[in-house]
Protein chains: 2
Amino acid sequence: MGLTVAVDLRGGDLGPQPLIEGIKRFLAETEDVEVIAYGLQSDAPLATGVHRLFFRGCEEEITTHDKPTQAVKGKKNSTLVCGIEAVKSKEAYGIVSPGNTGAVLTAAYLLLGRIKGVKRPLLMAPMPTLSGEPFVFGDLGANADVRADFFPGFAILGRVYYELLFGKENPSVYLLNIGEEEEKGRQLVKEARELLDAYPWFKGYVEPHAVWEGGYDVVVTDGFSGNVFLKTAEGVSHAVTGVLKEEIMRGGIMSKIGALMLKNAFKEMKKRFDYKTYGGAPFLGVRGLVMKMHGRSDADAAYSAVKALYRLAKGDIVGRIEERIESGGVRSG
Amino acid sequence: MGLTVAVDLRGGDLGPQPLIEGIKRFLAETEDVEVIAYGLQSDAPLATGVHRLFFRGCEEEITTHDKPTQAVKGKKNSTLVCGIEAVKSKEAYGIVSPGNTGAVLTAAYLLLGRIKGVKRPLLMAPMPTLSGEPFVFGDLGANADVRADFFPGFAILGRVYYELLFGKENPSVYLLNIGEEEEKGRQLVKEARELLDAYPWFKGYVEPHAVWEGGYDVVVTDGFSGNVFLKTAEGVSHAVTGVLKEEIMRGGIMSKIGALMLKNAFKEMKKRFDYKTYGGAPFLGVRGLVMKMHGRSDADAAYSAVKALYRLAKGDIVGRIEERIESGGVRSG
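Residues numbered from 1 in each chain as written. Chains lettered and ligands numbered in written order. Predicted model: local features only at pLDDT ≥ 70, side-chain atom pairs only at ≥ 80, totals over all residues. Heavy atoms only, no water.

Draft legend 1. The arrangement of the sheet that holds strand β5 (residues 122–127) of chain B in detail. All names here are of chain B. Read from one edge of the open sheet, eleven strands run β3-β2-β1-β4-β11-β10-β5-β6-β9-β7-β8, paired in mixed fashion. Of all the strands in the sheet, just β3 (53–58) and β8 (202–206) have a single pairing partner and so form its edges. Across this sheet, the average inter-strand angle for adjacent strands is 25 degrees, counted without regard to direction. Against the sheet, helix α1 (residues 17–29) touches β1 (3–8), β2 (33–40) and β3, its axis set at about 170 degrees to β2. (Pairing = 2+ DSSP bridges. Helix = DSSP H or I, 4+ residues; strand = E, 2+ residues; numbered from the N terminus. Axes fitted to C-alpha atoms, helices over the stretch in contact; angles between N-to-C directions. Contact = heavy atoms within 4.5 Å.)

Draft legend 2. Region of interest: the packing of helix α7 (residues 223–250) of chain B against helix α8 (residues 252–261) of chain B. Residue and element names in this part refer to chain B. Packing of α7 against α8 leaves a shortest axis separation of 7 Å and a crossing angle of 135 degrees. Taken as axis vectors, α7 and α8 run oblique relative to one another. Residues Glu-247, Ile-248, Met-249 and Arg-250 of α7 touch α8, and the partners they reach there are Gly-252, Ser-255, Lys-256 and Ala-259. Within the contact of α7 with α8, the residues separate by chemical class into three nonpolar, two polar and three charged. (Parallel < 35°, antiparallel > 145°, perpendicular 65-115°, else oblique. Nonpolar A, V, L, I, M, F, W, Y, C, P; charged D, E, K, R; others polar.)

Draft legend 3. Molecular detail of helix α12 (residues 317–326) of chain A. Residue and element names in this part refer to chain A. Buried residues of α12: Ile-317, Val-318, Gly-319, Ile-321, Arg-324 and Ile-325, and no others. Here the buried face of α12 lies against α5 (151–166), β10 (281–284), β11 (289–292) and α11 (299–314). A positive phi of about 80 degrees marks Gly-328, the residue just after α12. (Buried < 20%, exposed > 50% of the residue type's maximum accessible area, 1.4 Å probe, protein only.)

Draft legend 4. Inspection of the nonpolar core at higher detail. By size, the foremost hydrophobic cluster in this structure holds 241 residues, and its most contacted members are A:Ile317 and B:Ile317. Among all residues touching A:Ile317, those that are not within four sequence positions of it are A:Tyr93, A:Val160, A:Tyr161, A:Leu164, A:Leu284, A:Leu289 and A:Leu312. (Core = buried A, V, L, I, M, F, W, Y, C linked by side-chain atoms within 4.5 Å.)

Draft legend 5. Here's a closer look at empty space enclosed by the protein. All names here are of chain A. This structure, assessed with the given rule, holds five cavities of 30 Å³ or more. Surrounding the largest cavity, Asp-8, Arg-10, Gly-11, Glu-61, Ile-62, Thr-79, Leu-80, Ser-97, Gly-99, Asn-100, Ala-103 and Val-104 form its lining. Looking at the lining of the largest cavity, the elements with two or more residues in it are α3 (79–88) and α4 (101–112). Within the lining of the largest cavity, the residues separate by chemical class into four nonpolar, five polar and three charged. (1 Å grid on protein atoms, 1.4 Å probe; cavity = no way out; pocket = protein on both sides within 12 Å on 5 of 7 lines; lining within 4 Å. Points joined across faces, edges and corners; volume = space filled by probe spheres on them.)

Draft legend 6. Local environment of the pattern of salt bridges. Residue and element names in this part refer to chain A. What the rule picks out here adds up to 30 salt bridges over all chains. For the salt bridge of Glu-163 with Arg-324, the shortest nitrogen-to-oxygen distance reads 2.7 Å. You can see Glu-163 sitting in helix α5 and its partner Arg-324 sitting in helix α12, a full 161 residues away along the chain. Across the pair, exposure class does not vary: Glu-163 and Arg-324 are buried alike. We note a salt bridge from Arg-193 to Asp-197, for which the minimum N-O separation is 3.6 Å. Taken together, the shared-partner salt bridges connect Arg-10, Asp-43 and Glu-61 into one network. (Salt bridge = Lys/Arg side-chain N within 4 Å of Asp/Glu carboxyl O.)

Draft legend 7. Structural context of the relation of the copies chain A and chain B. Rotating chain A by 180 degrees and moving it 0.0 Å along the rotation axis overlays it on chain B with an RMSD of 0.0 Å. What the superposition gives is, in effect, a two-fold axis relating one chain to the other. Relative to the rotation axis, the closest C-alpha in chain A is found at A:Gly258, a distance of 1.8 Å. Most of the interface of chain A is mirrored in chain B, where 100% of its interface residues again form contacts. (Least-squares fit on C-alpha atoms with pLDDT ≥ 70 in both.)

Printed below as a string of structure tokens:
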């Protein structure tokens, strides 16, 4: 048998049903993998009778209202903690969860620990662009306070992630900044740049409006700015389409007919800018593969997330990161 | 005679012509104001024969390639420096410039100085929302490195600006953060919150996706995060509409007819999210009114910027800020 990966069925806004749907769709098209689903006992009927899907019933779930550290330490029999224990014991290569982001990161950090040589694990995800070539971006929020010496590690982790996700070698790395000239930006960014300048794959600063054009492979920043970037992008794409809808409704019958004719274009646009298309965000740098999928994940999003989990597991992302860190971040072959 | 305000005709990407157009349009609808335009000698013909528009010819211009401090100190006869000198000597109440942002801020800071009691001036601008009620947001990038004790000043300046811009009293203030719970965010944000909690108008954290819904009056953050927020918003709104256009072109004849029928809706949406509708961004906290308009400002943008300049001048924003700082940030009347 090939690979085993795990899915946490609990903690998402839509409950376990759409996640099971996504897993089924994934299993139907992928042969060499088994999935273990961690749910509450009552979820068992959802997961029965599916080939290569195994169900584990747990006693409790961690909710969005739980305080991360308290929840991880207190709820030992939660779906999340049991699932991450399975990654620790190598029963599963990795896990994806739709739950409380703080709890997912805390459980991964506390139960699995850091990969030797990694100063701080970070949360990364792929982002769509106008050119159609996505970039990977992080830290999305795991480290709100950072030091400059975290950045080479962020960059090295991002490069391995990019290679496995897109199958492309030797990606370039950029540092997010509020100007392109060397003297621009805050002190932290200038210090990080000095350290990154030692690597041949580091290409300098990029600004937050330029990345969407495409052509940047890996973009790193601190977890505060990264989360501002992510949430601003979500808010603005929602607002722009919302205002457009409002104006269409206000525009009378011609406008509504026009909107019908554009239905496909809207759908394609939504798809290209939708997190559902891109799957989950891995917490890179811990000793095991742990991914977060969106809290509002439906079957499409769950399908993409399990597929991304599988791809990274198949490429042995944890082993690749260990190798790369040992070799000092420069590719050996 | 009423008010005099100044416009720097140079430093913008489109040259002086559209700025003159915008000024003319503004003067045609506003009686109690005179405008002084600072241009190169060769711009004189553009500005002749317009009632209440006075032209001053200068010898040089500061470009986007100039280093701010060097340019401000070295180009004493530039349109920007001459214009800000006119604000200093009270010949004009305030000035708006499309030029090099760094140079505009540096010139304002060096030539005018800070208002007593203001720790750091900041750059603010209004932002559109889904509800239609804009919020004012800053720092947009004047202070990349900040301390927590700058924040009460940022908030007080933002409140005066909001009141004059929208004619509404007692605006609420929010601090941008990557979570709403008290324990979320970076150290700086937590420290800033402790200081802001002393003011009755401070309402807590807001996240970067939530602000676009509306209902927040003044939102403050550090200049690095603020610039990331601004540039991400610009990049994403551009990318979303860009992808939609691409999908329309790809969609065949029905799709193109649909797009024609939606032309008005697109136009209205663009208008609502366009910086051109909202005019310039004032550098608040210096002893004079200095505004930056977009480098790509066309006649519409220039018109809005001069109108905003006039409104803030008419409300004596500098005097109001001085009063408010003296009273400790709490409104007297």
